Structures are given as C-alpha cells and as structure tokens.
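# Coordinate inspection notes
Okay, here's what each chain looks like letter by letter:
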2 protein chains.
Amino acid sequence: MAKLETNINAQPEIEALFFALGEKQRRHIFFSLMDGEKTVKQLAEPLNITLTGLGQHIKILEAAKLVRTEKVGRERICSVNPEGLATMENFAKLHRNLWSSRFSALRKIVEAH
Amino acid sequence: MAKLETNINAQPEIEALFFALGEKQRRHIFFSLMDGEKTVKQLAEPLNITLTGLGQHIKILEAAKLVRTEKVGRERICSVNPEGLATMENFAKLHRNLWSSRFSALRKIVEAH
DNA sequence: CCAATAGTCAAGTTTAAACTTAACTATGAT
DNA sequence: ATCATAGTTAAGTTTAAACTTGACTATTGG
C-alpha cells in the first residue's frame, strides 16, 4: 500500500493561504472586506499604513485567492474572493478526517493487545 | 439593526491558529505529526533545527490547539490536537456563509435597479 | 490645461520573530 | 556512580518580511 500523501502543505495553494492569513494586518484587511468592497485608500486609512504597504498586502492576499481586485479608473476596488475560504474549509475537513481515521486505526491496534 | 460582529479575528483562538500555521516550519511539524506521534528530537532532526528552536515552535502550536504534548520520562511526546482543525473548519464555514449571504443581499439590491 | 488624487515601482530601513548558544535539570543506561 | 540523552531556560544573534521613502504614471475634477 502506497504511503498516503499528507503533506498537502507542499501545495503552493495552501502555502499561500496560510502565509497570507498568518499576518495580523492582512487578517484585518480580509475581515474589513467581509463588510463590503473597498478601495486601497479606504483600507489603508484605519490601519495607519502607507498605500504602498497596503498594496503589498493586497498582492499577497490576491495570490492566496482570499481577495480579488479590479482597477476602476484611478482606484483599485478590493473585495473578498470566496475561493480562499473554500480551500481552507476543504483543507480542514480533509485533515480532520485523515487524522480521525488514523486515530481510530491506532485505537484498534492498541485494543487488540 | 446592530452591526454584525465579523471581526471574529479578534478572538485570540483564531489569532493563535493562523499565527501558528503562518510559518513554514510549523506547518511541516504539524503535517509530520499527522502521520503519528513523535518526540521533540524526532521532529527536530529532519528540519535541521536545534531542540530549543523546535521546542519554541511546539509551544506556539500547543497554544493554537493544533498539537498536544505529554512528558514521558525524559521525552516529550507530541501529537495532533484535533481541536485546532475543528476551529478552522468552523471558522471557514461561518465566514463563507456570512460572505455569501451578504453577497446575495447585494445582488438583490443591484437587480432591483 | 493644471492641480489634486489614487496607485505603483524600485530601493532601502526597521522590526518582529525565528533561530542559536551556553548553562542547566531530569531521566535513563551501563 | 557516572556518562549520555532529552529537554528547558534566559539571553543574544540573525534573518525574513513588514514597512517607508521618493520618484513616477494614470485618472479625475475644477
């Protein structure tokens, strides 16, 4: 029987997702967008950060598919991309199932002795 | 109508979870434990890191309820704590639902015009 | 057309957090 | 009893990544 590939972590999709949400400011940005779309300017103001700094966070959130953006005139409109959260939910589900099936397999072995 | 509290992020539970998995080495440690429990030594070796360094990661993973540990003799046995993944799954589910309900509410407003 | 606004890019600085060292404790093996 | 192994603690170093600056482009409003 082939060894199950648990290191889903190797997937760049998952890497990008956890890296993006691993930072406090980016979590703030993401949650702020949950309330509705905003421009880079609108996101930057309450965080006390430069437009450049905010733009860098947005790129990382976009790469993680947590945020989508669209240039409208001279503004960039940012909104939630549901794909990231879906990926996260699937990831958590899959690994909880993997873990519990292994755990119960282990219990059987222990109980047999 | 009171403003819905979307900043679940303020919850230290969620903060700890994303902070913990935001780091590559800690993701490796976590996935490694998915295959079965290991000592601090066993975890440190393949990562080319000191025992001290590994111990620091383990504390962070424990705080996030992703890992549990138990001191057995002179060794510390580390294993997956399913609570962290459960929290993550609930988080992703909740926010996907929140987002999609807001999104469809927005669609209705737009369509009405 | 001109000034203000919104954002971007390349390059550098700053800071948080990852990591190490060295000294120590506790357990296990011979 | 003593030596090796496993881990811990406090303190310091290193590094990755967050952040800024200054110069630039593109859009918009007067």
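Computed from a prediction, not measured in an experiment: that's the story for all the values here. (Residues numbered from 1 in each chain as written. Chains lettered and ligands numbered in written order. Predicted model: local features only at pLDDT ≥ 70, side-chain atom pairs only at ≥ 80, totals over all residues. Heavy atoms only, no water.)

### Digging into the overall build of chain A
As a reminder of what qualifies: Strands are runs of DSSP state E lasting at least 2 residues, helices are runs of H or I lasting at least 4, and numbering of each runs from the N terminus. When a residue's accessible area, from a 1.4 Å probe over protein chains only, is under 20% of the maximum for its type it is buried; when over 50% it is exposed; and in between it is partly exposed. Throughout, a residue-residue contact means that at least one pair of heavy atoms, one from each residue, lies within 4.5 Å.
Helix and strand content of chain A: five helices and three strands. Overall, chain A shows an N-to-C arrangement of helices and strands of α-α-β-α-α-β-β-α. Within chain A, the proportion of its 113 residues that are buried is 41%. Pairs at least 24 apart in sequence give 52% of the contacts found in chain A among residues at least 6 apart.

### Thoughts on the packing of aromatic side chains
Residue and element names in this part refer to chain A. Definition in use: When two rings of Phe, Tyr or Trp (its six-membered ring) have centres within 6.5 Å they constitute a pair, described as stacked for plane angles under 30 degrees, edge-to-face for angles over 60, and tilted for the intermediate range.
Going through the model one piece at a time under the given rule, you end up with six aromatic pairs over all chains. Seen in terms of ring centroids, F30 and F31 are 5.8 Å apart; in terms of plane orientation they differ by 70°. Their pairing is edge-to-face. In this structure F31 comes out as buried when scored by relative accessible area, which is 3%.

### Quick word on the relation of the copies chain A and chain B
Stated precisely, the cut-off is as follows: Least squares is the method used to superpose the copies, on C-alpha atoms of residues holding a pLDDT of at least 70 in both.
Rotating chain A by 180° and moving it 0.0 Å along the rotation axis overlays it on chain B with an RMSD of 0.0 Å. Taken together, the rotation angle and the small translation identify this as a two-fold axis. When C-alpha distances to the rotation axis are compared across chain A, the minimum falls at G22(A), with a value of 2.0 Å. Of all interface residues in chain A, 100% are interface residues in chain B too; the two copies therefore contact each other through one and the same surface.

### As for the protein's contact with DNA strand D
How we decide: The criterion for a residue being near a molecule or strand is simple. One of its heavy atoms has to lie within 4 Å of it. Distance and chemistry together define a polar contact, namely a pair of N or O atoms within 3.5 Å, with one atom able to donate a hydrogen and the other to accept it when in protein, and with adjacent residues in sequence counting only for side-chain atoms on both sides. Each residue gets one label: Ala, Val, Leu, Ile, Met, Phe, Trp, Tyr, Cys and Pro are nonpolar, Asp, Glu, Lys and Arg are charged, and the others, such as Gly, are polar.
Within the structure, DNA strand D sits among 23 residues, and Q56(A), H57(A), K41(B), R74(B) and R76(B) are positioned closest to it. Taking the atoms of DNA strand D that fall within 4 Å of the protein, sugar and phosphate contribute 65% of them. T50(A) is positioned such that a nitrogen or oxygen atom in its side chain is 3.0 Å from a phosphate oxygen of DNA strand D. Within the side chain of R74(B), a nitrogen or oxygen atom sits 2.8 Å from a base oxygen of DNA strand D. Elements with a contribution of two residues or more to the surface near DNA strand D: α2 (24–34) and α4 (51–63) of chain A together with α3 (40–47), α4 (51–63) and β3 (75–80) of chain B. Tallied by class, the residues present in the surface near DNA strand D amount to five nonpolar, nine polar and nine charged.

### Describing the interface of chain A and chain B
Selection rule: Buried area adds together the accessible area that both of two parts lose upon being put together, with accessible area traced by a 1.4 Å probe. Any Lys or Arg side-chain nitrogen located within 4 Å of an Asp or Glu carboxyl oxygen qualifies as a salt bridge.
Listed per partner, the contact involves 30 residues of chain A and 30 residues of chain B. Summed over both partners, the interface of chain A with chain B buries about 3,100 Å², with 66% contributed by carbon and sulfur atoms. Three residues stand out in chain A for area buried against chain B, namely F31(A), M34(A) and W99(A), and they jointly supply 21% of the buried area on that side. Viewed at the interface, chain B and chain A are joined by seven salt bridges. A salt bridge links K24(B) to E15(A); the nearest nitrogen and oxygen atoms lie 3.8 Å apart. At the junction of chain A with chain B, the criterion picks out six residue pairs in polar contact (both at pLDDT 80 or more). Contributions of two or more residues to the side of chain A that touches chain B are made by α1 (12–21), α2 and α5 (82–111) of chain A. Among the elements that make up the side of chain A that touches chain B, the one with the highest residue count is α5(A) (13 residues).

### Notes on the pairing of strand β2 (residues 67–72) of chain A
All names here are of chain A. Cut-off, in case you're wondering: Pairing between two strands requires that DSSP report at least two bridges joining them.
In this structure, β2 lies alongside strand β3 (residues 75–80), joined through six bridges in antiparallel fashion. Bridged to T69 within β3 is C78. As consecutive antiparallel partners, β2 and β3 are separated by two residues, and within that stretch G73 has a phi angle of approximately 65°, a positive value.

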